[in-house]
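Chains, contacts and geometry: an overview
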Amino acid sequence: MGEKKKDPLVFVKDPNYGWIPGKVVSQTKDKAVVEVPEYKDEQSITCDGGAGAKGTQEREVKLKDYAHQVLPLQNVDGNNRLLVFSDMTKLPYLHEAAILYNLKKRHGDGHPYTRTGDIVIAVNPFQWFDDLYTEKKRSYYSNRLVWDKEADSKDAREGMEPHVYEVSALSYKGLAFGGNDQSILVSGESGAGKTETVKIAMNHMASVQEGPAGSTLTGLDPVVQRVVDSNPLLEAFGNAKTRRNDNSSRFGKYLQLQFDNSEAGVMAMDKTVSKCKLAGSKCEVYLLEKNRVVGHDTEERTYHVFYQLLSAPDSVKAGFWTKLGGTNFDSFKYIGNTNTRKIEGKSDAEHFEQTCNTLALINVTGDKLTAMMRAIAAVMQLGNLTFKDKGGDADKSECSSPSEMSDLADLMHVSTDDLTLAFTERTMKAKTETYKVPLNKTSAKEACDALAKEIYGKLFLWLVEQINAATCAEDNYKKKSLSKFGLIGLLDIFGFESFVVNRFEQLCINYANEKLQQKFTEDI
């Protein structure tokens, strides 16, 4: 007698978990009865034929709710155990549920990276795996994918665990040996690990360009060192704690790594030495979330640099502005208290020291540093200004915090009267006439917040200019006669996000994400 045919193992849709595994009990043209295992929690749900389940239940599903009216099949072996693939192009049954369960299993096994053709998918483990980012691991991917002679004869990734290092190594190879500019797109939702991935890739490229004998970040050229160290500086001024991520980028960034590939033809014949050297970088930023400067959720924080400055020693703070001495987070309404005292294992005071050291690398010291810190202090002080009705007239306003206004005027080197008028009156021009229009207390406060956002926005752009001036190859590379550089671009875009209150800024961010995702889909 023939062996009894096994009931098909499939996935069915679930309102709580998206997809859950099950076994078809019976099926008609329009419906199917599926036996669904019940596990103790979401983490335990897996494809094991129900072996680890605490019980089962039967569900009737409508086939019209599934593509081609077919339930997606599980990828399992003869013992009903999930087949796991590091490259998902090899999945026997390729569909959404199969991809998700493959990623879940690899994530649970400590493998955050999974390959899909030329795409590397990273599932954020929210912890650092030391063994994944050692010098030995860097050299392994560099040598296998770039410097070994066998790298050109076949797909050198065959047999290698997926890693972000393969993306950075292959991008360098495409530029160094192919002579073609490269782009790396890092996308994902907020908290997915995009910014960290860009840092890992950038550091690896700085290592790869040292050649097959190098692959360490010791003794780098000063310009290259500034390129590597500039990223934490942007994080200090452009990152903040959100509900989903303690170090979330609140701006978009496109970083262009500039390489001297003038001897690319020589490299194609000789792989014993690197002739394609990192010469500098340029950075473009966009869509800074300026609303965060004047307000944030109670469980979130504003930009890191505010907390860093307020955590500095009083003597240091007073050196920038005497009124900063003795202040803390609660001294400024825009900042407020926070339970988060460490970001990525370091206190705000430690981060402040690192920020100042990095600023020194890009020549922001002395008067430049003082002016910058005073601008940050001015932003914080603007949050302390309050206004009230003037003489009982609700259409007019006056400052109800004169001491705070006086301190701000002193900090900005303007007269108190001029500063007060700037917030409580609007100057209107009509052909040949100029006249003043009084502002009510709400409009006065809005004008105050607008100035704070504008100052910080301009400060952020100025900082990017300083970084570019210190790192761009045109001004800093030893071969200043070189007019054209090879480029590897890294795009670190905002994550998709939805807040309780979504303002116009968030609409622009999510729209840009959507357009980028469409472009990505078209190209792939």
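Residues numbered from 1 in each chain as written. Predicted model: local features only at pLDDT ≥ 70, side-chain atom pairs only at ≥ 80, totals over all residues. Heavy atoms only, no water.

**Structural notes on the overall build of the protein**
What counts here: Put simply, DSSP H or I for four residues or longer makes a helix, DSSP E for two residues or longer makes a strand, and each gets a number counted from the N terminus. Only protein chains enter the area calculation, which uses a 1.4 Å probe; residues under 20% of their type maximum are buried, those over 50% are exposed, and those in between are partly exposed. Contacts are residue-level and defined by heavy atoms, with any inter-residue pair within 4.5 Å sufficient. In this description, accessible areas are obtained by the Shrake-Rupley approach with a 1.4 Å probe, and a residue is regarded as covered only by the protein chains that are shown. The sign given to each residue is positive for Lys and Arg and negative for Asp and Glu; His and the chain ends receive no count. Positions of charges follow a simple convention, taking NZ of Lys, CZ of Arg, CG of Asp or CD of Glu.
Broken down by element type, the protein carries 16 helices and 18 strands. Oriented by its inertia axes, the alpha-carbon framework of the protein measures out at about 100 × 65 × 50 Å. Expressed as a percentage of the 524 residues in the protein, the buried residues total 45%. Long-range contacts, defined as pairs at least 24 residues apart, comprise 64% of the intrachain contacts of the protein with a sequence gap of at least 6. Carbon and sulfur atoms make up 50% of the accessible area of the protein, which amounts to about 26500 Å² in all. Within the protein, the 73 negative side-chain charges are centred at a point lying 2 Å from the centre of the 67 positive side-chain charges.

**What about the state of the cysteines?**
Applicable threshold: Any two cysteine sulfur atoms lying within 2.5 Å of each other are counted as a disulfide.
The tally for this structure, following the rule as stated, stands at zero disulfides. Cys472 takes part in no disulfide bond, and the closest cysteine sulfur, belonging to Cys283, lies 12 Å away.

**Some points on the side chain of Arg301**
One can find Arg301 in the loop between α7 (291–294) and α8 (304–310). Residue class for Arg301 comes out buried when judged on its relative accessible area of 0%. When sequence neighbours within four positions are dropped, the list of residues in contact with Arg301 reads Ala240, Lys241, Arg292, His296, Tyr307, Thr338, Thr340, Ile343 and Asp348.

**Regarding the sheet that holds strand β4 (residues 55–62)**
Backbone-to-backbone hydrogen bonds pair the strands of a sheet. The strands run either parallel or antiparallel. The line we're drawing: At least two DSSP bridges between two strands are needed for those strands to be called paired. What counts as an axis is a line fitted to C-alpha atoms, over the stretch in contact for a helix, and the angles between N-to-C directions run from 0 to 180 degrees.
Strands sit in the order β1-β2-β3-β4 across an open sheet of four strands; the sheet is antiparallel. Two strands bound the open sheet, and with one partner strand each, they are β1 (9–14) and β4. Pairs of neighbouring strands in the sheet enclose a mean axial angle of 45°, with direction left out of account. By the bridge criterion, four bridges tie strand β2 (residues 18–27) to strand β3 (residues 31–38) in an arrangement that is antiparallel.

**Looking at the packing of helix α12 (residues 402–412) against helix α13 (residues 416–424)**
Selection rule: Comment on the angle field: the value is read as roughly parallel under 35 degrees, roughly antiparallel over 145, roughly perpendicular from 65 to 115, and oblique elsewhere. When residue character is reported, Ala, Val, Leu, Ile, Met, Phe, Trp, Tyr, Cys and Pro are called nonpolar, Asp, Glu, Lys and Arg charged, and the others, Gly included, polar.
The contact between α12 and α13 brings their axes to 9 Å, and the two run at 110°. Relative to α13, the element α12 lies roughly perpendicular. When α12 is examined against α13, the residues Met405, Ser406, Leu408, Ala409 and Met412 are found in contact with a partner set consisting of Thr416, Leu419, Thr420 and Phe423. Here the contact of α12 with α13 is built from residues that sort into six nonpolar, three polar and no charged.

**Observations concerning the sheet that holds strand β18 (residues 486–492)**
The four strands lie next to each other as β7-β18-β10-β11, forming an open sheet whose pairing is mixed. Every interior strand has two partners, whereas the edge strands, β7 (182–186) and β11 (277–286), have only one. Ignoring which end each strand starts from, the neighbouring axes of this sheet average 15° apart. The pairing of strand β10 (residues 252–260) with β18 spans seven bridges and is classified as antiparallel. Note on β18: the bridge partner recorded for Gln258 is Leu487.

**Concerning the packing of helix α11 (residues 366–382) against α12**
The angle between the axes and the distance between the axes are what describe a pair of packed helices. Defined as follows: Crossing handedness: left-handed means the near helix sits turned counterclockwise from the far one by under a right angle, and right-handed means the same turn made clockwise.
As a packed pair, α11 and α12 sit with axes 10 Å apart at the nearest point and diverge in direction by 160°. When the axis of α11 is compared with that of α12, the two are roughly antiparallel. As for how α11 packs across α12, the hand of that crossing is left-handed. Residues Arg374, Ala377, Ala378, Gln381 and Leu382 of α11 form the contact with α12, whose participating residues are Glu404, Asp407, Leu408, Asp410, Leu411 and Met412. Residues belonging to the contact of α11 with α12 are distributed by class as follows: six nonpolar, one polar and four charged.

**Regarding helix α1 (residues 96–108)**
This is how the line gets drawn: For a helix, the expected span equals 1.5 Å multiplied by the number of residues minus one.
End to end, α1 covers 18 Å across 13 residues, agreeing with the expected 18 Å (1.5 Å per residue, within 8%). Every buried residue of α1 is accounted for by Ala97, Ala98, Tyr101, Asn102, Leu103 and Arg106. Where α1 is buried, its residues meet β1, β2, β5 (113–116) and β6 (119–122).

**Observations regarding the pairing of strand β15 (residues 393–399)**
Taken together, the four bridges between strand β14 (residues 387–390) and β15 define a ladder with antiparallel strand orientation. In the sheet register, Asp389 faces β15, and the bridge partner there is Ser397.

**Structural notes on the nonpolar core**
The line we're drawing: Residues grouped as a nonpolar core are buried Ala, Val, Leu, Ile, Met, Phe, Trp, Tyr and Cys residues, joined through side-chain atoms within 4.5 Å.
Counting 94 residues, the largest nonpolar core has Phe237, Met373 and Tyr456 as the members making the most contacts within it. A total of eleven residues in this core trace back to one element, the largest contributor, which is helix α14 (residues 441–471). The contact partners of Phe237, leaving out residues within four places of it in the chain, are Tyr303, Val305, Thr355, Met372, Ile376, Tyr456, Leu459, Phe460 and Leu463. By size, the runner-up hydrophobic cluster in this structure holds 19 residues, among which are Val24, Val34, Val36 and Ile45.

**Brief notes about the environment of Asp395**
Take Asp395: it is sitting in strand β15. Asp395 sits in the exposed class, given a relative accessible area of 56%. Linking Asp395 and Lys342, residues 53 residues apart in sequence, is a C-alpha distance of 45 Å. When sequence neighbours within four positions are dropped, the list of residues in contact with Asp395 reads Pro438, Leu439 and Asn440.

**Considering the side chain of Glu235**
The topology assignment puts Glu235 in helix α5 (residues 222–238). When near neighbours in sequence (up to four residues on either side) are disregarded, Glu235 contacts Thr195, Lys199, Asn247, His304 and Glu344.

**Observations regarding the packing of aromatic side chains**
Inclusion rule: Pairing of aromatic side chains here covers Phe, Tyr and the six-membered ring of Trp, requires ring centres within 6.5 Å, and sorts the geometry by plane angle: under 30 degrees stacked, over 60 edge-to-face, intermediate tilted. Think of it as a cone above the ring: NZ of Lys or CZ of Arg counts as a charge over the ring if it is within 6 Å of the ring centre and within 35 degrees of the ring normal.
Taken as a whole and assessed by the stated rule, the structure comprises 15 aromatic pairs. Measuring from ring centre to ring centre gives 5.2 Å for Tyr140 and Tyr141, while their planes differ by 85°; the resulting arrangement is edge-to-face. Accessibility expressed as a relative area gives 34% for Tyr140, which makes it partly exposed. When the centroid spacing of 6.2 Å and the interplanar angle of 70° are considered together, the rings of Phe387 and Phe423 count as edge-to-face. One end of the pair, Phe387, is in strand β14; the other, Phe423, is in helix α13, and 36 residues separate them in sequence. Note on accessibility: Phe387 and Phe423 belong to one class, buried. The positively charged end of Lys13 is found above the aromatic ring belonging to Tyr66, 5.2 Å away from the centroid. The cationic tip of Arg301 hangs over the ring face of Tyr307; the distance from NZ or CZ to the ring centre is 3.9 Å.

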